[in-house]
Amino acid sequence: IIANQLCSLGFNEMMANSLTSPEYSKLSEVIKCEFNVMMLNPLSNDLSAMRQSMLFSGLEAISYNINRRNSDLKFFEFGKTYFKFSAEYKEKQELILCITGEKYSERWNSDKALVSYFTLKGLVSALFDRLGLTPHLQEKELQINLFSQGQELDLFKKSICQLGFVKDEILSHFDLKNPVFCAVIDWDLVLQNLQTVKTQFKELPKTFSVRRDFSLLLNKNIQFKELEKIAKLSNKNILKSVGLFDVYEGDKIEEDKKSYALSFTFQDDEKTLTDDEIDKVMSTIKDDFEKNLGAVLRS
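Residues numbered from 1 in each chain as written. Predicted model: local features only at pLDDT ≥ 70, side-chain atom pairs only at ≥ 80, totals over all residues. Heavy atoms only, no water.

Right, let's talk about the side chain of lysine 258 for a bit. With respect to the element layout, lysine 258 can be found in strand β13 (residues 257-266). Glutamate 249 provides the closest opposite charge to the buried, unpaired lysine 258, separated from it by 5.4 Å. For lysine 258, the side chain forms a polar contact with the side chain of tyrosine 260, separated by 3.0 Å. Apart from the residues within four sequence positions on either side, lysine 258 is in contact with Leu216, Leu217, Leu218, Asn219, Lys220, Ile222, Tyr248, Glu249 and Ile253. (Helix = DSSP H or I, 4+ residues; strand = E, 2+ residues; numbered from the N terminus. Buried < 20%, exposed > 50% of the residue type's maximum accessible area, 1.4 Å probe, protein only. Lys, Arg positive; Asp, Glu negative; His and termini not counted. Salt bridge = Lys/Arg side-chain N within 4 Å of Asp/Glu carboxyl O. Polar contact = N/O pair within 3.5 Å; in protein donor to acceptor, adjacent residues only side chain to side chain. Contact = heavy atoms within 4.5 Å.)

Looking now at the pattern of salt bridges. For the structure shown, the criterion picks out 15 salt bridges. The salt bridge partner of glutamate 169 is lysine 167, with a shortest N-O separation of 3.6 Å. Several salt bridges converge on common partners, so that one network encompasses Lys286, Asp287 and Glu290.

Here glutamate 23 shows up in the loop between β2 (19-20) and β3 (37-38). Considering only alpha carbons, one finds glutamate 23 and alanine 49, 26 residues apart in sequence, at a separation of 9.2 Å. Within the local environment of glutamate 23, its side chain forms a polar contact with the side chain of lysine 26, the two groups lying 2.8 Å apart.

So, about empty space enclosed by the protein. On inspection of all chains with the given rule, the structure shows one cavity of 30 Å³ or more. Quantified by volume, the largest cavity comes out at close to 70 Å³. Its residues assigned to classes, the lining of the largest cavity comprises five nonpolar, six polar and one charged. (1 Å grid on protein atoms, 1.4 Å probe; cavity = no way out; pocket = protein on both sides within 12 Å on 5 of 7 lines; lining within 4 Å. Points joined across faces, edges and corners; volume = space filled by probe spheres on them. Nonpolar A, V, L, I, M, F, W, Y, C, P; charged D, E, K, R; others polar.)

The next subject is the nonpolar core. With 28 residues, the main nonpolar core has Leu97, Val124, Phe128, Ile160 and Cys161 as its most contacted residues. Elements represented by at least two residues in this core include exactly α1 (2-8), β6 (89-100), α3 (117-131), β8 (147-155), β9 (158-166), β10 (181-186) and α5 (187-193). Broken down by element, this core gets its largest block of residues, seven residues, from α3. Among all residues touching isoleucine 160, those that are not within four sequence positions of it are Phe128, Leu133, Leu137, Leu153, Asp154, Leu155, Val184, Ile185, Asp186, Leu189 and Val190. Core analysis: the second largest hydrophobic core is formed by 24 residues, Met14, Leu59, Val166 and Leu176 among them. (Core = buried A, V, L, I, M, F, W, Y, C linked by side-chain atoms within 4.5 Å.)

A few words now on the sheet that holds β3. In a beta sheet, neighbouring strands pair by backbone hydrogen bonds and run either parallel or antiparallel. One open sheet holds the three strands; their spatial order is β2-β4-β3, and the pairing between them is antiparallel. For this open sheet the edge positions go to β2 and β3, each flanked by a neighbour on one side alone. Inspection of the sheet shows β3 paired to strand β4 (residues 49-50) by two bridges, in the antiparallel sense. For methionine 38, the partnering residue across the bridge sits in β4 and is alanine 49. (Pairing = 2+ DSSP bridges.)

What follows concerns helix α6 (residues 224-234). All of the buried residues in α6 are Leu227, Ile230 and Ala231. Relative to the axis of α6, the buried residues are bounded by an arc of 100° and lie together on one face. Exposed and oriented more than 90 degrees from the buried face of α6 are Lys229 and Leu233. (Arc of directions from axis to C-beta.)

Here we take up the state of the cysteines. Counted by the stated rule, this structure contains zero disulfides. Distance from the sulfur of cysteine 182, which forms no disulfide, to the nearest cysteine sulfur (cysteine 98) is 3.0 Å. (Disulfide = S-S within 2.5 Å.)

Remember that the coordinates give geometry; whether it matters functionally is a separate question.
Following this line, the structure appears as structure tokens:
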């Protein structure tokens, strides 16, 4: 089902060899030489170790295609990684997504926009939505050094996905000049937690949703997820979603500040909301933003 979904999103499945070069361990501190599972009688040095990461075989496939003038790529692969620890050998099943190049096929009515980190994040979000795991995910800054920037997603305090920009030093090793964005998903952890997903159905609401907007002046280190969390704690009944639709940093505001424009969507499934009800929640949200984050409402 997931493979079909990825194909419907424009991905092609790749199937790489689990045997790889032990030299790749030199490209990252995360991949350690002592954890390599080595072949006793390898065909060549390039196929003498079991892979610790699926990233490098993905980059090999991207490099191969770009060298043959196929530069707009979306690849995925289900596969295993292998490790030799002091006490045991270990296998881990993973899913990797790699994208690079233009977002859309060349057409007269489409923009020549390149894929970005947010393209990848949207694809990963769609995947976890389909799996029903999104409500249980927590985001945090990525620490793994295969990527220069990115995010890590935790499921019940266990890392389930790392996504971000592949480091320039790694791209250079594969002679890749364009940015490549990758996500690595712990598929064993996904399968272990699918039993927590319960499919529920409910009747469509009989009322219209109502939207309100805030423009806030914030410190640069404040992230959107902090605002979203505080807003949703203010009212869990009628506040359905919080969105970020504009970000500004420039000479019109202080150097250590940024401006966020947020949207708030309200809806009661049974009755039409009044302005007083919505204004009361918006006032609470504003007060909580000011108290907890030092945010200032911009006129």
